[in-house]
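These are the residues of each chain, in order.
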Amino acid sequence: MEFIIVKFVLVVVVFLVSLGIAAYSTYAERKIAAFLQDRVGPDRAGPFGILQPLADGVKMFMKEEIIPTHADKGLFILGPSIMMMTACMTGVVIPWGNTLIINGTEYPVQITDINIGILYIFGVVSIGVYGIMIGGWASNNKYSLMGAIRASSQMISYELAMGMSIIALVMMTGTLSIGEIVKQQEGMHWNVFVQPLGFILFIVCAFAECNRTPFDLPECETELVGGYHTEYSSMKLGFYLFAEYINMFISSAIIASLYFGGYNFPFIAQLGLPHNILTLLGTLIFFGKVFFFIFFFMWVRWTLPRFRYDQLMHVGWRVMIPLALFNILLTAVIVLWQNGQFN
Amino acid sequence: MLNQNLPFMILATLSVFSALMVVLSRKPVHSVLYLIFCFFTIGGHYLLLNAQFLFAVHIIVYAGAIMVLFLFTLMFINLNKELEPHKTNLVKAAATIVAGTLLLVMVSTVTDTGNILPAQVSQNEVGTVAVLGKKLYGDYVLPFELTSILLLAAMVGAVMIGKKKTES
Amino acid sequence: MQLTNRSEVVVNKVMTFKERLYFPAIISGLVITVKHLFKKRATVKYPEEIRPVAPIYRGLHVLKRDEQGRENCTACGLCAVACPAEAITMTAAERKKGEEHLYREEKYAAVYEINMLRCIFCGLCEEACPKEAIFLTDRMLPSDMNRANFIFGKDKLVEGVSNDSRIDISKRTNAHRKD
């Protein structure tokens, strides 16, 4: 019973934190965009515009809800729901921190550390495409359909390269559990130093999977009006946009935990602080890393222009995948060499 | 007993229902979506059997990749009633006979099987990644590699078919 | 003909290996954008902070009164004739007995309206006025949600009688004076 309560509390906290961070990501996106363009950004709602996400949310709810006459009504509603659901589901396997010791019992700050954590994330991400595809198709609009088709082909292409870049990492660490991978990166033994190519491949694929610039072709305004969510309005549109920010947050968390040591930070043992304090500090540092990557996502968005569609496919299939295969080969050779197989 | 079987019963009902809906749906896209749902319920069965790796791979490969391609092509060709090719009575009769025979075979197989053993939920981590990997690359390494060669050959064949013919 | 010295001729050259790597270019782009994080913001937060305008700025009109608080305008209609946008309309009326403290001369404008949606703020009305009644000021035209509210009547145009409700136009008139 206690187990269930602890997990329930963790789930609720992770859910609320994801939503909160996603909400403030919208604010951060606008502020960062403004700063990079020498503007001020939203500053009217509350001090420094801090209540802007609230105002946006109220606006989204108040807008008129339109379902096109010729749309497939059930699927039209299902699309954003799937999108939101899959976005929120990924957070459960991410280790948000080390363990907390309360009354002698050790509680991990992670909802569940299943031994196929990475595969779980891939599964959920691959389902996420359906949200876009179903929404785009059900709108009965050619722009939406084009957006949906672009999204699905882009997601499939980059999922391959992403999976392959992860395989190299799994070969190094020898485990599919994210909790275990983070534990192995104690101190400064971050995976990014041993897998730099894998990291670059992974982060590029993460951009593509999140439909962020320079890979935001599914909602490419200049060509497709609004892409897959052209026909959406009110909170359904809000769900699509919101899910994008949750995905960005989760991707940042995954990058931070797979390649940047998660809650680990250097000189952790020299501090001589009690275990629980160290855990909280680790969680804070983990969030610091996550925020840096969220900032990086936005920074890239306001720097790079969008790819052309053939360039996107070219990069995905003829650059990323061969590089990922090469990385796997290289990693395999190094792992075997370290194990003394060549002597 | 009922309590233990409850997740299975729910999943099985959903699987059968969604499988039926694949056939009975009018719109092809709905059929595909029901098929995806069906895959999920089957994935649930894998989980009940403690085969987590199989579950994850099933979801990633079937629900996540193959069905996306299905849906992808279906969206392109936009099937509707007017465009559906008219089937002659001969074709219909042939289809009925084939399907009926298949049903007969399956029913007879099921009835001939004396008693169906309940699925054994293995406690010793049979379905986990490490065990599966050791099995695949140890006991079954030859079939595994043969399968990969087969897949490679199929891939090369697909590329050959897909390539534009050059004048020779 | 060369128009600027910043133009570059487009060449379809083959990219070198370094260029095809893209990452150096992407990183230099990221450096450029991040430099802008620390640059001065170009935004002027309008209602709190008003941009300085030139002394001869032509903003919202004012109908002046003389030192005794009487309206200068005699409804001669020259401003309406001069107006290229035909934004000004007026109705003249005769000054009654006992109204001498209100209007400077025997004739005055009972209705004086400027359609601010038509007005192009050229200042020709000001130039045409023989009585120094209408001037353009450095005030901005406030925005509104309703088109009808942009037809400014005398209530919005005529300045107040008391000293602090007078509208200062000395900057503009001084700038025009040639000495």
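A few points on the structure. Predicted model, so just to flag it, every value in this text is computed and none were measured.

### Brief notes about the packing of aromatic side chains
One pass over the structure, following the stated rule, counts 29 aromatic pairs over all chains. For the ring pair A:Y158 and A:F215, a centre distance of 5.3 Å and an interplane angle of 55° mean the geometry is tilted. Separated by 57 residues along the polypeptide, A:Y158 in helix 5 (residues 142–173) and A:F215 in the loop between helix 8 (196–209) and helix 9 (221–224) bring together distant segments of the chain. Judged by its relative accessible area of 0%, A:Y158 falls in the buried class. Plain terms: the ring middles of A:F292 and A:F293 are 5.4 Å apart, the flat faces sit at 75° to each other, and that makes the pair edge-to-face. A relative accessible area of 42% means that A:F292 is categorised as partly exposed. Judged by its relative accessible area of 5%, A:F293 falls in the buried class. The ring of C:F152 has C:K156 lying over it, and the distance from NZ or CZ to the ring centre is 4.5 Å.

### A look at the sheet that holds strand 3 (residues 107–115) of chain C
Residue and element names in this part refer to chain C. Taken together, 3 strands build an open sheet; the order of strands is 2-3-5 and the sheet is antiparallel. Lying at the two open borders of the sheet, with one neighbouring strand each, are strand 2 (88–94) and strand 5 (151–152). Two strands pair when backbone bridges link them, and strand 2 and strand 3 are joined in this way by 7 bridges, in the antiparallel orientation. Note that in strand 3 the partner of T91 across the bridge is V111.

### With respect to helix 4 (residues 89–112) of chain B
Spanning 24 residues, helix 4 of chain B covers 34 Å between terminal C-alpha atoms, matching the ideal 34 Å at 1.5 Å per step. Taking burial as the measure, the 24 residues of helix 4 of chain B include 0 buried ones, a minor fraction of the element.

### Describing the interface of chain A and chain C
Bring the parts together and some accessible area is lost; that lost area is often taken as the interface size. Of the residues lining the interface, 16 residues belong to chain A; the matching set on chain C comes to 16 residues. Carbon and sulfur atoms make up 68% of the surface buried where chain A meets chain C, a total of about 1,400 Å² over both sides. Seen at the junction of chain A and chain C, the total is 2 salt bridges. Between the two partners, chain A and chain C, sit 9 residue pairs in polar contact (both at pLDDT 80 or more). The set of elements that each furnish at least two residues to the side of chain A that touches chain C consists of helix 1 (2–36), helix 8 and helix 11 (275–301) of chain A. Here the residues of the side of chain A that touches chain C are counted per class, giving 11 nonpolar, 1 polar and 4 charged.

### Let's talk about the arrangement of the chains
Here the protein chains form 2 pairs of chains in contact, of which the pair with the most contacts is chains A and B. In this view chain B stays clear of chain C, with the nearest C-alpha atoms of the two still 26 Å from each other.

### Quick notes on a nonpolar patch on the surface
Residues and elements named next belong to chain A. On the surface, M1, F3, I4, I5, F8, V9, V12, V13, F15, L16 and V17 cluster together into a nonpolar patch covering about 1,100 Å² of accessible area. With respect to the helices and strands, I5 occurs in helix 1. Owing to a relative accessible area of 47%, I5 belongs among the partly exposed residues under this scheme.

### Focus: helix 2 (residues 23–36) of chain C
Look at helix 2 of chain C: 20 Å from first C-alpha to last across 14 residues, which is about the 20 Å you get at 1.5 Å a residue. For helix 2 of chain C, the set of buried residues is C:G29, C:L30 and C:T33. Each buried residue of helix 2 of chain C lies within a common arc of 100° when the element is viewed along its axis, so the set occupies one face. Set apart from the buried face of helix 2 of chain C by more than 90 degrees, the exposed residues are C:I32 and C:K35. Looking at the buried side of helix 2 of chain C, the elements it contacts are helix 1 and helix 11 of chain A.

### Structural notes on the packing of helix 4 (residues 117–138) of chain A against helix 10 (residues 234–259) of chain A
Helices that pack against each other are described as a pair by the angle of their axes relative to one another and the distance between those axes. All names here are of chain A. Direction vectors running N to C along helix 4 and helix 10 enclose 160°, while the axes themselves pass 13 Å from each other. On the basis of the axis angle, helix 4 is roughly antiparallel to helix 10. The two elements helix 4 and helix 10 cross, and the hand of that crossing is left-handed. From helix 4, I118, I121, G131, I132 and G135 reach across to helix 10, where they touch Y240, I254 and L258.

### So, the interface of chain B and chain A
With 23 residues of chain B in contact, the opposing surface of chain A contributes 19 residues. Where chain B abuts chain A, roughly 1,900 Å² becomes buried across the two surfaces, and 81% of that area is made up of carbon and sulfur atoms. It is B:I60, B:V68 and B:M75 in chain B that bury the most area against chain A; as a group they hold 29% of the surface buried on that side. Counting every contact that joins chain B to chain A gives 3 residue pairs in polar contact (both at pLDDT 80 or more). No other element matches the 15 residues that helix 3 (residues 52–77) of chain B contributes to the side of chain B that touches chain A.

### Quick look at the nonpolar core
With 119 residues, the main nonpolar core has A:W96, A:I118, A:Y130, A:I255 and A:L258 as its most contacted residues. Not counting chain neighbours up to four residues away, the residues in contact with A:I255 comprise A:F199, A:F202, A:I203, A:A206, A:F260, A:F293 and A:F297.

### With respect to the pattern of salt bridges
Residue and element names in this part refer to chain A. Overall, the coordinates contain 18 salt bridges over all chains when judged by the stated rule. Put simply, E29 and R301 hold a salt bridge, and the shortest N to O gap is 2.8 Å. Taken together, the residues span a long stretch of sequence, with E29 in helix 1 and R301 in helix 11 at a distance of 272 residues. A residue is classified by how much of its surface remains accessible, and R301, at 25% relative accessible area, is partly exposed. Three or more residues are tied together by salt bridges with common partners; here these are E29, R212, E244 and R301.

### Thoughts on the environment of A:I321
Residue and element names in this part refer to chain A. With respect to the helices and strands, I321 occurs in helix 12 (residues 309–338). By relative accessible area, which is 10% here, I321 ends up buried. C-alpha separation for the pair I321 and T175, spaced 146 residues apart in sequence, amounts to 22 Å. The contacts of I321, once residues within four sequence positions are left out, are S157, L160, A161, M164 and G316.

### A look at unusual backbone geometry
Its identity as a non-glycine residue notwithstanding, A:S234 has a phi of 55°, on the positive side. Looking at the secondary structure, you find A:S234 in helix 10. According to the relative accessible area criterion, A:S234 is buried, its value standing at 5%. Although it is not a glycine, C:E86 sits at a positive phi angle of roughly 50°. Turning to its location among the elements, C:E86 is positioned in the loop between helix 3 (78–82) and strand 2.

Thresholds, definitions, all that
Residues numbered from 1 in each chain as written. Chains lettered and ligands numbered in written order. Predicted model: local features only at pLDDT ≥ 70, side-chain atom pairs only at ≥ 80, totals over all residues. Heavy atoms only, no water. Phe/Tyr/Trp six-rings, centres within 6.5 Å; stacked < 30°, edge-to-face > 60°. Helix = DSSP H or I, 4+ residues; strand = E, 2+ residues; numbered from the N terminus. Buried < 20%, exposed > 50% of the residue type's maximum accessible area, 1.4 Å probe, protein only. Lys NZ or Arg CZ within 6 Å of the ring centre and 35° of its normal. Pairing = 2+ DSSP bridges. Expected span 1.5 Å × (residues − 1). Contact = heavy atoms within 4.5 Å. Buried area = accessible area lost by both parts, 1.4 Å probe. Salt bridge = Lys/Arg side-chain N within 4 Å of Asp/Glu carboxyl O. Polar contact = N/O pair within 3.5 Å; in protein donor to acceptor, adjacent residues only side chain to side chain. Nonpolar A, V, L, I, M, F, W, Y, C, P; charged D, E, K, R; others polar. Patch = residues over 30% accessible without salt bridge, like charges linked within 9 Å, V, L, I, M, F, W, Y side chains within 5 Å. Areas by Shrake-Rupley, 256 points an atom, 1.4 Å probe, with all protein chains shown as cover. Arc of directions from axis to C-beta. Axes fitted to C-alpha atoms, helices over the stretch in contact; angles between N-to-C directions. Parallel < 35°, antiparallel > 145°, perpendicular 65-115°, else oblique. Left-handed = near helix turned anticlockwise from the far one by under 90°. Core = buried A, V, L, I, M, F, W, Y, C linked by side-chain atoms within 4.5 Å.

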